[in-house]
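Each chain, written out:
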Amino acid sequence: MPVWFGRAIVVALVGAIGVVGSGGILAAPEAASGVRASGGARIDSEECRLLNDINRFRRTHDLKPLDLGRDLNEAADHHSQDMARRDYFDHDLGGGTSWSDNIRDFGYKGNPIGENILAGTSGAGKAFKEWEKSRGHRENMLRGSFESIGIGRAFEKKSEYGWYWTTTFGGRVENKVNCG
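Residues numbered from 1 in each chain as written. Predicted model: local features only at pLDDT ≥ 70, side-chain atom pairs only at ≥ 80, totals over all residues. Heavy atoms only, no water.

On the secondary structure map, Ser98 appears in the loop between helix H2 (70-86) and helix H3 (99-105). Judged by relative accessible area, Ser98 falls into the buried class, the value being 18%. Within polar-contact distance, the side chain of Ser98 engages the backbone nitrogen of Asp101 at 3.0 Å. Apart from residues lying up to four places away in sequence, Ser98 is in contact with His91, Asp92 and Leu93. (Helix = DSSP H or I, 4+ residues; strand = E, 2+ residues; numbered from the N terminus. Buried < 20%, exposed > 50% of the residue type's maximum accessible area, 1.4 Å probe, protein only. Polar contact = N/O pair within 3.5 Å; in protein donor to acceptor, adjacent residues only side chain to side chain. Contact = heavy atoms within 4.5 Å.)

Here it is as structure tokens:
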């Protein structure tokens, strides 16, 4: 069960290990300028910024950058949209689907897999900083066995936290797409 501190909450999960973190204040809504990544996956400019931040962080630790995967991206986007629309914050989706089944349901077959979620902040910079200072999130972002990532961000003004982020991680690159 997540612990709430202030208005932003963060949770990391890989395998059966869960970690709860803290941080921030709900940011004012901003436009999510959606663009199509090559290959058909939807990704907005803040999601691309988060990918760049994570990959810059990985390079400082002598790790390969993560590639954006269409299946992982669609799973992350679906999870964030579901949390925003149904007004909840959890690794299990609102209908009871587990985070790992959600990734598999979107066609990703690689291993290992992992997930970070966050609620209550709109911008990529703040999301990255929250995950960087949380041990579990940091471990997911720096896990050497991960090669691919999906990033989803959603906003619902009537929900408790407004903004919801999901990053899904995978051990191999499938259906690679590019930002912008």
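On to the nonpolar core. Grouped together as the largest cluster of nonpolar side chains are 21 residues, with contacts concentrated most on Leu50, Ile54, Met141, Ile149 and Trp165. Mapped by element, the contributors of at least two residues to this core are helix H1 (45-60), helix H4 (124-132), helix H5 (135-142), strand E7 (148-155) and strand E8 (163-170). Among the elements that make up this core, the one with the highest residue count is H1 (5 residues). When near neighbours in sequence (up to four residues on either side) are disregarded, Ile54 contacts Leu66, Phe128, Met141 and Ile149. Membership of the second largest hydrophobic core comes to 10 residues, among which are Ala84, Ile117, Ala119 and Tyr161. (Core = buried A, V, L, I, M, F, W, Y, C linked by side-chain atoms within 4.5 Å.)

On to the pairing of strand E6 (residues 113-119), then. Taking burial as the measure, the 7 residues of E6 include 7 buried ones, the bulk of the element. Burial along E6 is two-sided: Ile113, Glu115, Ile117 and Ala119 and Gly114, Asn116 and Leu118, pointing in opposite directions, are all buried. Inspection of the sheet shows E6 paired to E8 by 7 bridges, in the antiparallel sense. For Ile117, the partnering residue across the bridge sits in E8 and is Thr166. (Pairing = 2+ DSSP bridges.)

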